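Take a look at the letters that make up each chain.
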Amino acid sequence: MRGEGIYLWDAEGNKYLDLAGSAAVNFIGHGVAEISAAMAEQAAEVEFVHTSQFTTPVAEAYAEELLAFAGEHFRGGAVYFTCGGSESIETALKLARQYQVEIGHGARHQIISRQQSYHGSTLGALSVSGNKRRREIYLPMVKEFPHVGMPYCYRCAFDCTDGCRNCGQQYAAELERAIEASNGAVAAFLFEPVSGATLGAVVPPAGYLQSVAEICGRDGVLLIADEVMTGMGRTGRNFAVEHWNVMPDILVAAKGLSSGYAPLGAVIASKKVVDAIAAGSGAFLHGFTYNAHPISLAAGRAVLRYLREKNLVEAADSGRAGTPAAEFKKAIGQLRDEESVGDVRGIGLLWGVEFVVDQASKRPFAPEKNFSARVAAAALKRGLLVYPMQGSVDGISGDHLLLAPPAVISAEQIAWSVEQLAASVREAQLSLSLSLR
Ligand SMILES: Cc1ncc(COP(=O)(O)O)c(C=O)c1O
């Protein structure tokens, strides 16, 4: 296999345009020589030390850079490095619990999260995930906390006509009721600012996240933003919460953090959380052997430098004229003309395309028809990689694609991809013998 820019080549030499960024991982493009050089340099210096014995210059410098990248709100905070998203979520959940214990709120142990969310595949992360298909058989093994609804405008439970402006508040009120019902047992609320693969890039309505943040702040519940998919520039801001001016207590990053060049995750904690632990027991009761692995950190640090030098966060801003993301937004919108496309939604370079049998009724395909997998297979034949998912309607039915190309995609490549995607949707329709226009 080989990768360069937005292309991957398989062992047989077939070329693919990576419109999924693997799985919303690659943000800077494949095969960037500066990243592998930084990793090799670090490996030659020291490949690994255990965090109980040493810190490393790369860890110190990179943590400072990440805190600055996360914004003013994280000044004086700290970064905890892991090997990926699930490890980071586990870390964030335990950090939230320890914070509450340290400040004398030992009863707070529950984590409220949302239905139709995804936070990882380890048992703790699975317990707070809402993805039915990925959870179902493990349910007897996981500790269940409340899951509240999430605003999903295309299939709004409140049948609204105002882009969910009002019902966003109803979803926020549902969270408030869940916190009240727990009688002081909630430690944190965990959310993806823009939903990831499970719902396919659903963007929250104006005002919703602000209300959520306000409720959590008022009730002593920590706010944890899972930015594994949306962080590090993917939505056109350093972190997606910036779109709504929300300041979480803990930010979780992975995927784009190293753009896939090495396994890496990070939990970025605000000063409030760090100070509480420092003033209490003094140490976070947690750890993995490969925390802060120097080679992964060298990759992540080089990725951060690269995406800044190349202005890739700006490139991913779909609200800024002339950027690849603005081009992508315009081009992907053309898919709405396809008979079986119900919704196209997203922000920056994170987009979802939802399929329906009938646009008027929004009726989904029967799950066993595997419509999104058919589209993905047709796209693959054409040399285009996408991320197919099912379950957007109720966790089981509902087909959609997630699209998350590297920010180095050109207008020409975008036009070609959307053309191939439209043809793939038509081919999937045909294969189901649906009527064509
Ligand atoms: C929002 C979100 N959180 C957490 C995870 C888990 O990350 P990982 O697969 O690196 O463990 C994912 C993975 O897709 C994700 O999208």
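This text gives an overview of the structure that appears in the document. Since this is a predicted model, take the numbers as computed values, not measurements. (Residues numbered from 1 in each chain as written. Predicted model: local features only at pLDDT ≥ 70, side-chain atom pairs only at ≥ 80, totals over all residues. Heavy atoms only, no water.)

1. A few points about the sheet that holds strand β14 (residues 387-390)
Spatial strand order, β11-β12-β15-β14: 4 strands in an open sheet with antiparallel pairing. The sheet terminates laterally at β11 (341-347) and β14, the two strands that pair on one side only. Each neighbouring strand pair of the sheet contributes to a mean axis angle of 20 degrees, computed without reference to strand direction. As paired elements, strand β12 (residues 350-355) and strand β15 (residues 399-403) share 5 bridges and run antiparallel to each other. Within β15, the residue paired with G352 across the bridge is L402. (Pairing = 2+ DSSP bridges. Helix = DSSP H or I, 4+ residues; strand = E, 2+ residues; numbered from the N terminus. Axes fitted to C-alpha atoms, helices over the stretch in contact; angles between N-to-C directions.)

2. A look at the pattern of salt bridges
Tallied over the entire structure, the rule returns 17 salt bridges. As a salt-bridge pair, R345 and E354 come within 2.7 Å of each other at their nearest N and O atoms. Three or more residues joined by partner-sharing salt bridges are found here, namely R155, D343, R345 and E354. (Salt bridge = Lys/Arg side-chain N within 4 Å of Asp/Glu carboxyl O.)

3. Topic: the packing of aromatic side chains
Each aromatic ring pair is specified by the distance between its two centres and by the angle formed by the two planes. Inspection of the entire model under this criterion finds 9 aromatic pairs. Judged by centre distance (6.2 Å) and plane angle (50 degrees), the rings of Y7 and W9 are tilted. Note on W9: relative accessible area 16%, which makes it buried. On the numbers, 5.9 Å between centres and 75 degrees between planes, the contact of F69 with F239 is edge-to-face. With F69 in helix α3 (residues 57-70) and F239 in the loop between β8 (222-226) and β9 (250-253), this pair connects stretches of sequence that are 170 residues apart. The pair F69 / F239 is uniform in exposure class, with both members buried. Within the aromatic cluster, the residues linked to one another by ring pairs are F355, F365 and F371. (Phe/Tyr/Trp six-rings, centres within 6.5 Å; stacked < 30°, edge-to-face > 60°. Buried < 20%, exposed > 50% of the residue type's maximum accessible area, 1.4 Å probe, protein only.)

4. Here's the deal with the sheet that holds strand β5 (residues 110-114)
Taken in spatial order, the 7 strands of this open sheet run β4-β10-β9-β8-β7-β5-β6, and their pairing is mixed. Only two strands of the sheet have a single neighbouring strand rather than two, namely β4 (78-82) and β6 (147-148). Inspection of the sheet shows β8 paired to β9 by 3 bridges, in the parallel sense. Following the sheet pairing, A225 is matched in β9 by L251.

5. Re a nonpolar patch on the surface
Taken together, the side chains of L123, I137, Y138 and M141 define a hydrophobic patch exposed on the protein surface, amounting to about 430 Å² of accessible area. Note that M141 resides in the loop between α6 (132-135) and β6. The exposure class of M141 is exposed, given its relative accessible area of 55%. (Patch = residues over 30% accessible without salt bridge, like charges linked within 9 Å, V, L, I, M, F, W, Y side chains within 5 Å. Areas by Shrake-Rupley, 256 points an atom, 1.4 Å probe, with all protein chains shown as cover.)

6. With respect to the site of the ligand
Taken together, G84, G85, S86, Y118, H119, G120, E192, D226, V228, M229 and K255 make up all the residues around the ligand. Within the backbone of Y118, one N or O atom sits 3.5 Å away from a nitrogen atom of the ligand. Expressed as a share of its isolated accessible area of 390 Å², the protein-covered part of the ligand is 81%. Taken together, the residues of the shell around the ligand break down into 3 nonpolar, 5 polar and 3 charged. (Near = heavy atom within 4 Å. Polar contact = N/O pair within 3.5 Å; in protein donor to acceptor, adjacent residues only side chain to side chain. Nonpolar A, V, L, I, M, F, W, Y, C, P; charged D, E, K, R; others polar.)

7. Regarding the packing of helix α12 (residues 324-333) against helix α14 (residues 411-431)
The interhelical angle for the contact between α12 and α14, taken along N-to-C directions, is 25 degrees, at an axis separation of 10 Å. It follows from the interaxial angle that α12 and α14 lie roughly parallel. Like other packed secondary-structure pairs, α12 and α14 cross with a definite hand, here right-handed. Contacts from P324, E327, F328, A331 and I332 of α12 reach α14 at A411, I414, V418 and L421. Of the residues in the contact of α12 with α14, the class split is 8 nonpolar, no polar and 1 charged. (Parallel < 35°, antiparallel > 145°, perpendicular 65-115°, else oblique. Left-handed = near helix turned anticlockwise from the far one by under 90°. Contact = heavy atoms within 4.5 Å.)

8. Here we look at the packing of helix α2 (residues 33-45) against helix α10 (residues 294-309)
Where α2 contacts α10, the two axes come as close as 8 Å, and the packing angle between them is 145 degrees. When you trace α2 past α10, the crossing you get is right-handed. In contact with E34, I35, A38, M39, Q42 and A43 of α2, α10 contributes P294, I295, A298, A299, A302, V303 and Y306. When the residues that make up the contact of α2 with α10 are grouped by side-chain class, the tally is 11 nonpolar, 1 polar and 1 charged.

9. Focus on the environment of M1
Tracing the backbone through its elements, the reader meets M1 in the segment before β1 (2-4). As a C-alpha pair, M1 and F365 span 364 residues in sequence and 35 Å in three-dimensional space. Once residues within four sequence positions are removed from consideration, M1 is found in contact with L8, W9, D10 and A11.

10. What about helix α7 (residues 165-181)?
The end-to-end C-alpha distance of α7 is 25 Å, a good match for the 24 Å that 17 residues give at a rise of 1.5 Å each. Where α7 is concerned, the buried positions are C167, G168, Y171, A172, L175, A178 and I179. For α7, the buried positions fall inside an angular range of 160 degrees around the axis, keeping them on one side. Among the exposed residues of α7, those oriented more than 90 degrees off its buried face are N166, R177, E180 and A181. On its buried side, α7 packs onto β5, β6, β7 (186-191) and α8 (208-219). N183, located one to two residues past α7, shows a positive phi value of around 55 degrees. (Expected span 1.5 Å × (residues − 1). Arc of directions from axis to C-beta.)

11. Notes on the environment of V252
Assignment of secondary structure puts V252 in strand β9. The sequence separation of V252 and D394 amounts to 142 residues, and the corresponding C-alpha distance is 26 Å. When sequence neighbours within four positions are dropped, the list of residues in contact with V252 reads S88, I89, A92, I224, A225, D226, E227, V228 and A266.

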